[in-house]
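Structural characterization, general
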Amino acid sequence: MQHAKETNNEELMRIAFEHFVENPFKYGWDKANGGLLYFMDVNGYSPTQLEWNMKLWWPHCEAMIAFLIGYYETRNIDCLDSFEKVFEYSWKHFVDIDHGEWYGYLNQKGEVNMDFKGGPFKGCFHVPRALFMCEKLLAKLTGHYQ
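Residues numbered from 1 in each chain as written. Predicted model: local features only at pLDDT ≥ 70, side-chain atom pairs only at ≥ 80, totals over all residues. Heavy atoms only, no water.

A look at the overall build of the chain
Looking only at helices and strands, one finds five helices and three strands in the chain. Counted from the first residue to the last, the chain has its helices and strands arranged as α-α-β-α-α-β-β-α. A compact globule built from 146 residues would reach a C-alpha radius of gyration of about 15 Å, and the chain, at 16 Å, matches this within 12%. In the chain, which comprises 146 residues, the proportion classed as buried is 36%. (Helix = DSSP H or I, 4+ residues; strand = E, 2+ residues; numbered from the N terminus. Rg over C-alpha atoms; globule rule 2.2 N^0.38 Å. Buried < 20%, exposed > 50% of the residue type's maximum accessible area, 1.4 Å probe, protein only.)

Some details on the environment of Tyr71
One can find Tyr71 in helix α3 (residues 57-74). For Tyr71, a relative accessible area of 17% gives the class buried. Sequence spacing of Tyr71 and Ser82 is eleven residues, and the spatial spacing of their C-alpha atoms is 9.8 Å. Aside from chain neighbours lying at most four places away, what touches Tyr71 is Asn76, Ile77, Cys79, Leu80 and Leu141. (Contact = heavy atoms within 4.5 Å.)

Brief notes about unusual backbone geometry
Here the phi dihedral of Asn8 falls at roughly 55°; this positive angle occurs in a residue that is not glycine. Summarising the element assignment, Asn8 is placed in the loop between α1 (2-6) and α2 (10-28). Residue classification places Asn8 among the exposed positions, given a relative accessible area of 65%. For Glu101, which is not glycine, the phi torsion reads 70° and is therefore positive. Relative to the helices and strands, Glu101 is located in the loop between α4 (77-93) and β2 (105-106).

Comments concerning the state of the cysteines
Evaluated as defined, the whole model comprises zero disulfides. Sulfur of Cys124: no disulfide; nearest cysteine sulfur belongs to Cys61 and is 12 Å away. Judged by relative accessible area, Cys124 falls into the exposed class, the value being 70%. The structure places no disulfide on Cys134, whose sulfur is separated from the nearest cysteine sulfur, that of Cys61, by 8.1 Å. (Disulfide = S-S within 2.5 Å.)

Description of the confidence of the model for the chain
Looking at the chain as a whole, its pLDDT mean stands at 92, while 100% of the residues score no less than 70. The secondary structure element of the chain with the lowest average pLDDT is α1, at 88, and the one with the highest is α4, at 97. (pLDDT = per-residue confidence, 0-100.)

Description of the sheet that holds strand β1 (residues 55-56)
Read across the open sheet, the three strands follow the order β1-β2-β3; overall the sheet is antiparallel. With partners counted over all chains shown, the strands left at the sheet margins are β1 and β3 (112-114), one partner each. Summarising the sheet, β1 and β2 pair through two bridges and their orientation is antiparallel. Across the sheet, the residue bridging to Leu56 is Tyr105, located in β2. (Pairing = 2+ DSSP bridges.)

Focus: α2
The first and last C-alpha atoms of α2 sit 25 Å apart over 19 residues, in line with the 27 Å expected at 1.5 Å per residue. Along α2, the sharpest change in direction is near 35° and occurs at Glu18. For α2, the set of buried residues is Met13, Ala16, Phe17, Val21, Phe25 and Gly28. The elements touched by buried residues of α2 are α1, α3 and α4. (Expected span 1.5 Å × (residues − 1). Bend = angle between axes of the 7 residues up to and from the residue.)

If you want it as structure tokens, here you go:
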């Protein structure tokens, strides 16, 4: 989407958003429990990965960024609604209010599956980056960006 913006290519922006943001969200959002499923087969079946139905921190972080960029570029209210849906799920399920940081791994019901907050795969990249980028985009949208 950034390349589409930089090259002023509206068709590429539409295709990128539809194929890499809207469709994965539409098919990957768990309608029964909320949250993004980690893996989803193209036909809606569970794939072979054992963690397919878990909810991981980083897809939620990236989805929040993508939907805010989508709204910023298009002013399509559906993007803002999807951002809010992912944000509210993330804040309710991933954030450790008492001790800070985000849990990384939830089960399909949205319950903490592993209570560690860092390790070989979850470092200090996605959460701070997502929060920083979301804050920056929201400041631009509200006219408070400096």
